2 protein chains.
Amino acid sequence: MTTDDRTADGRAADGRAADGEPPADAASEVFAALADPTRRRILDALAAHGEATATVLAAELPVSRQAIVKHLGILDRAGLVVGHRAGREARYRVVPERLGITARWMDRLAATWDTRLAAIKRLAEGE
Amino acid sequence: MTTDDRTADGRAADGRAADGEPPADAASEVFAALADPTRRRILDALAAHGEATATVLAAELPVSRQAIVKHLGILDRAGLVVGHRAGREARYRVVPERLGITARWMDRLAATWDTRLAAIKRLAEGE
DNA sequence: GCTACGTGCTACCCAATGGTTGCACGTAGC
DNA sequence: GCTACGTGCAACCATTGGGTAGCACGTAGC
């Protein structure tokens, strides 16, 4: 219950106005955003168009406009897209930075695991 | 050693090219697996131990053993961990490869977006 | 000013997910 | 053989998440 009375934040730049919840770091949001196939298709279509509105995207994807809007909201919070108004249209475009940053973070993590595993293996075998 | 090679339920040797692009539904599983904070803590603890059982992990994380087992199942399907039996224990360890592959795939995607955006910008401005 | 298109918000539905508890079974240790 | 520990399976609960439909509002075009 307590149906989310946070006014769908009409903010533009800051983000969430923390109401007691832990920040839930950016990585979670990026991964969660990328986990959904529809969202990845939206990103793909968006990258192809350069810029597009929710209505346009809904026309070429098999989901309703409202679903696209929700997805764009999630992608925006994850920092993977940004939106701006042009007249009465709300246009969105992809933002490559966050994706690249997360990619490099993952790569470093994989390298860390690799090093750790190698060290443990040395200890177990040769000592 | 008691290597009952019970890897990721038979789907381990699908012959993916080592540095090729993952078929994008494997990406879904990796992203979904990484999206959960508890799962990332499990991966972290697993990387620290080198190898650990669900019971051990449950002892140092604030969730039940059953929850850990479920998470390990998801991580296994995503190819981020592998498990093998040692006597009556089921030990797991992290697998860095899939993480690195996904990281590089993301990095290339970010680069693609960048190129595309630059081209569109040139068209819009210079033209 | 009137109309039309596009957007934003709310309410609602259903499936998936993270979490728990309880119990049955196999394996190790005595 | 008996006991104890660890695992695996199943049922169950609460919350989140993806999706839809409907309506109100603003902006563009005439």
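These figures come from a predicted structure and were not determined experimentally.

Right, let's get into the interface of chain B and chain A. The partner chain A presents 32 residues to the 32 residues of chain B that form the contact. Contact between chain B and chain A buries roughly 2,800 Å² in total, counting both sides, with carbon and sulfur atoms accounting for 75%. The largest share of the area that chain B buries against chain A comes from Leu99(B), Met106(B) and Trp113(B), three residues that together contribute 24% of it. Along the contact surface separating chain B from chain A lie two salt bridges. At the surface where chain B touches chain A, the tally comes to four residue pairs in polar contact (both at pLDDT 80 or more). Every element with two or more residues in the side of chain B that touches chain A is listed here: helix H1 (25-35), helix H2 (37-49) and helix H5 (96-125) of chain B. A total of 16 residues in the side of chain B that touches chain A trace back to one element, the largest contributor, which is H5(B).

Right, let's get into the protein's contact with DNA strand D. For DNA strand D, the set of nearby residues contains 19 residues, the closest of which are Lys70(A), His71(A), Thr55(B), Arg65(B) and Gln66(B). Near the protein, within 4 Å, the atoms of DNA strand D are sugar or phosphate in 52% of cases. At 2.7 Å, a side-chain N or O of Ser64(A) approaches a phosphate oxygen of DNA strand D. Within the residue set of the surface near DNA strand D, elements represented by two or more residues are helix H2 (37-49) and helix H4 (65-77) of chain A together with helix H4 (65-77) of chain B. Among the elements that take part in the surface near DNA strand D, H4(A) stands out by supplying five residues, more than any other. Each residue belonging to the surface near DNA strand D can be placed in one class, and the counts come to four nonpolar, eight polar and seven charged.

A separate point is the packing of helix H1 (residues 26-35) of chain A against helix H5 (residues 96-124) of chain A. Residues and elements named next belong to chain A. Interhelical geometry of H1 versus H5 gives an angle of 105 degrees and a closest axis separation of 11 Å. As the angle between them shows, H1 and H5 are arranged roughly perpendicular. Each of Ala 26, Val 30, Phe 31 and Leu 34 in H1 lies in contact with H5, whose residues at this interface are Arg 98, Leu 99, Thr 102, Trp 105 and Met 106. Here the contact of H1 with H5 is built from residues that sort into seven nonpolar, one polar and one charged.

Cut-off values and rules
- Residues numbered from 1 in each chain as written.
- Chains lettered and ligands numbered in written order.
- Predicted model: local features only at pLDDT ≥ 70, side-chain atom pairs only at ≥ 80, totals over all residues.
- Heavy atoms only, no water.
- Contact = heavy atoms within 4.5 Å.
- Buried area = accessible area lost by both parts, 1.4 Å probe.
- Salt bridge = Lys/Arg side-chain N within 4 Å of Asp/Glu carboxyl O.
- Polar contact = N/O pair within 3.5 Å; in protein donor to acceptor, adjacent residues only side chain to side chain.
- Helix = DSSP H or I, 4+ residues; strand = E, 2+ residues; numbered from the N terminus.
- Near = heavy atom within 4 Å.
- Nonpolar A, V, L, I, M, F, W, Y, C, P; charged D, E, K, R; others polar.
- Axes fitted to C-alpha atoms, helices over the stretch in contact; angles between N-to-C directions.
- Parallel < 35°, antiparallel > 145°, perpendicular 65-115°, else oblique.

Honestly, that's just the spatial picture; any functional story needs more than this.
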